[in-house]
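Structural features, examined
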Amino acid sequence: MTPHKLPVSVLVVIHTADGQVLLMERADAPGFWQSVTGSQDAGETLEQTAIREVREETGLDATAFVLTPWDIETRFEIYERWRHRYAPGVTHNTEHVFGLQLPAPQPVILAPREHLRYEWLPWETAAERCFSPSNAAAIRLLPARI
(Lines give C-alpha, C1' and ligand atoms only; values in the text may rest on other atoms or scores of the structure.)
Protein backbone atom coordinates (compact mmCIF):
# COMPACT_ATOMS: atom_id res chain seq x y z
CA MET A 1 0.00 0.00 0.00
CA THR A 2 1.25 3.47 -0.88
CA PRO A 3 1.80 5.67 2.18
CA HIS A 4 -0.41 8.71 2.51
CA LYS A 5 0.93 12.04 1.31
CA LEU A 6 1.91 14.56 3.94
CA PRO A 7 -0.24 17.72 3.84
CA VAL A 8 2.86 19.87 3.34
CA SER A 9 4.02 20.76 -0.16
CA VAL A 10 6.22 23.00 -2.26
CA LEU A 11 5.40 25.17 -5.23
CA VAL A 12 8.47 25.99 -7.33
CA VAL A 13 8.11 28.84 -9.81
CA ILE A 14 10.78 28.13 -12.45
CA HIS A 15 11.61 31.36 -14.26
CA THR A 16 14.20 33.37 -16.13
CA ALA A 17 15.62 36.78 -15.21
CA ASP A 18 13.45 38.37 -17.92
CA GLY A 19 10.24 36.97 -16.44
CA GLN A 20 9.50 33.87 -18.51
CA VAL A 21 7.85 31.11 -16.50
CA LEU A 22 7.71 27.36 -17.06
CA LEU A 23 4.21 25.86 -16.86
CA MET A 24 3.17 22.24 -17.32
CA GLU A 25 -0.21 20.71 -18.11
CA ARG A 26 -1.33 18.02 -15.65
CA ALA A 27 -1.78 14.52 -17.07
CA ASP A 28 -4.55 13.69 -14.59
CA ALA A 29 -6.41 16.95 -15.31
CA PRO A 30 -5.90 18.12 -18.91
CA GLY A 31 -6.33 21.87 -19.17
CA PHE A 32 -4.92 22.40 -15.65
CA TRP A 33 -1.58 24.22 -15.98
CA GLN A 34 0.81 24.66 -13.10
CA SER A 35 4.34 25.18 -11.86
CA VAL A 36 6.27 22.36 -10.21
CA THR A 37 4.45 21.17 -7.09
CA GLY A 38 4.80 18.24 -4.78
CA SER A 39 4.37 16.90 -1.29
CA GLN A 40 7.15 16.71 1.23
CA ASP A 41 8.42 13.22 2.02
CA ALA A 42 9.03 12.25 5.64
CA GLY A 43 12.45 13.42 6.79
CA GLU A 44 12.98 15.94 3.98
CA THR A 45 13.57 19.66 4.39
CA LEU A 46 11.42 21.90 2.22
CA GLU A 47 14.49 22.71 0.10
CA GLN A 48 15.16 19.00 -0.45
CA THR A 49 11.52 18.55 -1.47
CA ALA A 50 11.82 21.41 -3.97
CA ILE A 51 15.03 19.97 -5.47
CA ARG A 52 13.53 16.48 -5.73
CA GLU A 53 10.26 17.66 -7.27
CA VAL A 54 12.05 19.82 -9.86
CA ARG A 55 14.18 16.82 -10.86
CA GLU A 56 11.21 14.42 -10.98
CA GLU A 57 8.91 16.73 -12.93
CA THR A 58 11.36 18.48 -15.29
CA GLY A 59 14.67 16.60 -15.27
CA LEU A 60 16.41 19.85 -14.23
CA ASP A 61 18.99 19.90 -11.44
CA ALA A 62 17.82 22.72 -9.18
CA THR A 63 21.21 22.77 -7.43
CA ALA A 64 22.78 24.05 -10.67
CA PHE A 65 20.65 27.22 -10.55
CA VAL A 66 19.46 29.78 -7.99
CA LEU A 67 16.80 28.21 -5.74
CA THR A 68 15.29 30.71 -3.31
CA PRO A 69 12.62 30.25 -0.63
CA TRP A 70 10.10 33.06 -0.99
CA ASP A 71 8.91 32.78 2.63
CA ILE A 72 5.30 32.40 1.50
CA GLU A 73 2.98 29.79 2.98
CA THR A 74 -0.53 29.17 1.72
CA ARG A 75 -2.96 26.89 3.50
CA PHE A 76 -5.70 25.66 1.22
CA GLU A 77 -8.39 23.04 1.01
CA ILE A 78 -7.26 19.98 -0.93
CA TYR A 79 -9.36 19.42 -4.05
CA GLU A 80 -11.84 16.60 -3.42
CA ARG A 81 -10.52 14.67 -6.45
CA TRP A 82 -7.08 14.34 -4.77
CA ARG A 83 -8.03 13.82 -1.08
CA HIS A 84 -7.77 10.03 -1.33
CA ARG A 85 -3.97 10.48 -1.45
CA TYR A 86 -3.95 11.80 2.14
CA ALA A 87 -4.77 10.19 5.48
CA PRO A 88 -8.47 10.01 6.32
CA GLY A 89 -9.74 13.32 7.65
CA VAL A 90 -6.98 15.44 6.09
CA THR A 91 -8.65 18.24 4.15
CA HIS A 92 -6.03 21.01 4.03
CA ASN A 93 -2.46 21.38 2.80
CA THR A 94 0.22 23.98 3.53
CA GLU A 95 2.19 25.01 0.45
CA HIS A 96 5.64 26.66 0.61
CA VAL A 97 6.79 28.76 -2.35
CA PHE A 98 10.25 28.70 -3.93
CA GLY A 99 11.66 30.41 -7.00
CA LEU A 100 14.17 28.75 -9.31
CA GLN A 101 15.92 31.17 -11.66
CA LEU A 102 17.44 29.83 -14.87
CA PRO A 103 19.60 31.91 -17.24
CA ALA A 104 17.26 31.17 -20.17
CA PRO A 105 14.32 28.89 -21.02
CA GLN A 106 15.50 25.31 -21.22
CA PRO A 107 13.95 22.15 -22.59
CA VAL A 108 12.64 19.89 -19.86
CA ILE A 109 11.95 16.17 -19.60
CA LEU A 110 8.42 15.73 -18.30
CA ALA A 111 7.34 12.86 -16.08
CA PRO A 112 4.73 11.38 -18.46
CA ARG A 113 2.46 10.18 -15.66
CA GLU A 114 2.37 13.73 -14.25
CA HIS A 115 2.39 16.16 -17.18
CA LEU A 116 1.39 16.17 -20.83
CA ARG A 117 3.32 19.17 -22.16
CA TYR A 118 5.08 22.34 -21.10
CA GLU A 119 5.45 25.93 -22.23
CA TRP A 120 7.66 28.86 -21.34
CA LEU A 121 5.42 31.92 -21.08
CA PRO A 122 5.70 35.58 -20.07
CA TRP A 123 4.82 35.80 -16.38
CA GLU A 124 1.50 37.62 -16.99
CA THR A 125 0.31 34.92 -19.40
CA ALA A 126 1.53 32.16 -17.08
CA ALA A 127 -0.37 33.62 -14.11
CA GLU A 128 -3.58 33.77 -16.16
CA ARG A 129 -3.22 30.16 -17.29
CA CYS A 130 -2.72 28.62 -13.83
CA PHE A 131 -5.68 26.74 -12.40
CA SER A 132 -4.41 27.17 -8.83
CA PRO A 133 -5.05 30.59 -7.25
CA SER A 134 -1.94 30.26 -5.05
CA ASN A 135 0.21 29.39 -8.10
CA ALA A 136 -1.13 32.39 -10.03
CA ALA A 137 -0.57 34.67 -7.01
CA ALA A 138 3.05 33.48 -6.65
CA ILE A 139 3.77 34.11 -10.34
CA ARG A 140 2.31 37.62 -10.03
CA LEU A 141 4.97 38.34 -7.38
CA LEU A 142 7.78 37.48 -9.81
CA PRO A 143 8.54 41.01 -11.10
CA ALA A 144 9.41 42.10 -7.55
CA ARG A 145 11.72 39.09 -7.14
CA ILE A 146 13.87 39.43 -10.26
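What you see as residue numbers is a count from 1 along each chain, following the sequence as written. A pLDDT threshold of at least 70 governs which residues receive local features in this predicted model, and a stricter bar of 80 or more applies before side-chain atom pairs are shown or counted, although totals over entire chains, interfaces and linings include all residues. Side-chain measures here rest on the full set of heavy atoms in the structure, leaving out hydrogens and waters.

Examining the pattern of salt bridges
Note the cut-off: Basic side-chain nitrogens of Lys or Arg form a salt bridge, by our definition, when they fall within 4 Å of a carboxyl oxygen of Asp or Glu. Three labels apply to residues, based on accessible area from a 1.4 Å probe with only protein chains included: buried if under 20% of the type maximum, exposed if over 50%, partly exposed otherwise in between. Only DSSP runs of H or I with at least four residues qualify as helices, and only runs of E with at least two residues qualify as strands; both kinds are numbered from the N terminus onward.
The tally for this structure, following the rule as stated, stands at eleven salt bridges. Close ionic contact of D28 with R26 constitutes a salt bridge, the shortest N to O distance being 2.8 Å. According to the relative accessible area criterion, R26 is buried, its value standing at 11%. Note that R85 and D28 form a salt bridge whose closest N and O atoms lie 3.1 Å from each other. Of this pair, R85 sits in the loop between strand 5 (66-77) and strand 6 (92-102) while D28 sits in the loop between strand 2 (20-26) and strand 3 (33-34), and the two are 57 residues apart along the sequence. Linked by salt bridges that have partners in common, D41, E44, R52, E53 and E56 make up one network.

Details of the side chain of R26
As a reminder, the rule being used: A 3.5 Å cut-off defines polar contacts: any pair of N or O atoms within that distance qualifies, except that in protein one atom must be a possible hydrogen donor and the other a possible acceptor, and neighbouring residues in sequence count only when both atoms are side-chain atoms. Two residues qualify as a contact provided that any one of their heavy atoms is within 4.5 Å of a heavy atom in the partner residue.
Mapping R26 onto the fold places it in strand 2. Within the structure, R26 has its side chain in polar contact with the side chain of D28 (distance 2.8 Å). Contacts of R26, omitting those with residues within four sequence positions, involve F32, Q34, W82, R85, E114, H115, L116 and F131.

Let's talk about the packing of aromatic side chains
Two measures describe an aromatic ring pair: the distance that separates the ring centres and the angle between the ring planes. Worth spelling out the cut-off: Centres within 6.5 Å make a pair out of two Phe, Tyr or Trp rings, where for Trp the six-membered ring is used; the pair is then stacked when the planes are under 30 degrees apart, edge-to-face when over 60, and tilted otherwise. Two conditions define a charge located above a ring, namely a distance within 6 Å from the ring centre to NZ of Lys or CZ of Arg, and an angle within 35 degrees of the ring normal.
Under the criterion given, the structure shown has four aromatic pairs. Their ring planes at 55° and their centres at 6.4 Å tell us that W82 and F131 sit as a pair that is tilted. Separated by 49 residues along the polypeptide, W82 in the loop between strand 5 and strand 6 and F131 in the loop between helix 2 (123-129) and helix 3 (133-140) bring together distant segments of the chain. For W82, a relative accessible area of 9% gives the class buried. Relative accessible area serves as the criterion here: at 21%, F131 is assigned to the partly exposed category. Three or more aromatic residues joined by ring pairs make a cluster, and in this case those are F32, Y79, W82 and F131. Its end group placed over the ring of W82, R26 keeps NZ or CZ at 4.3 Å from the ring centre.

A look at the pairing of strand 6
Heads up, the condition is: In short, DSSP must find at least two bridges between two strands for them to pair.
The buried fraction of strand 6 is high, at nine of eleven residues. Here nine bridges tie strand 1 (residues 8-16) to strand 6, and the two strands are oriented parallel to one another. Along strand 6, the bridge assignment pairs I14 with L100. Pairing geometry for strand 5 and strand 6, over nine bridges, is antiparallel. Within strand 6, the residue paired with V66 across the bridge is Q101.

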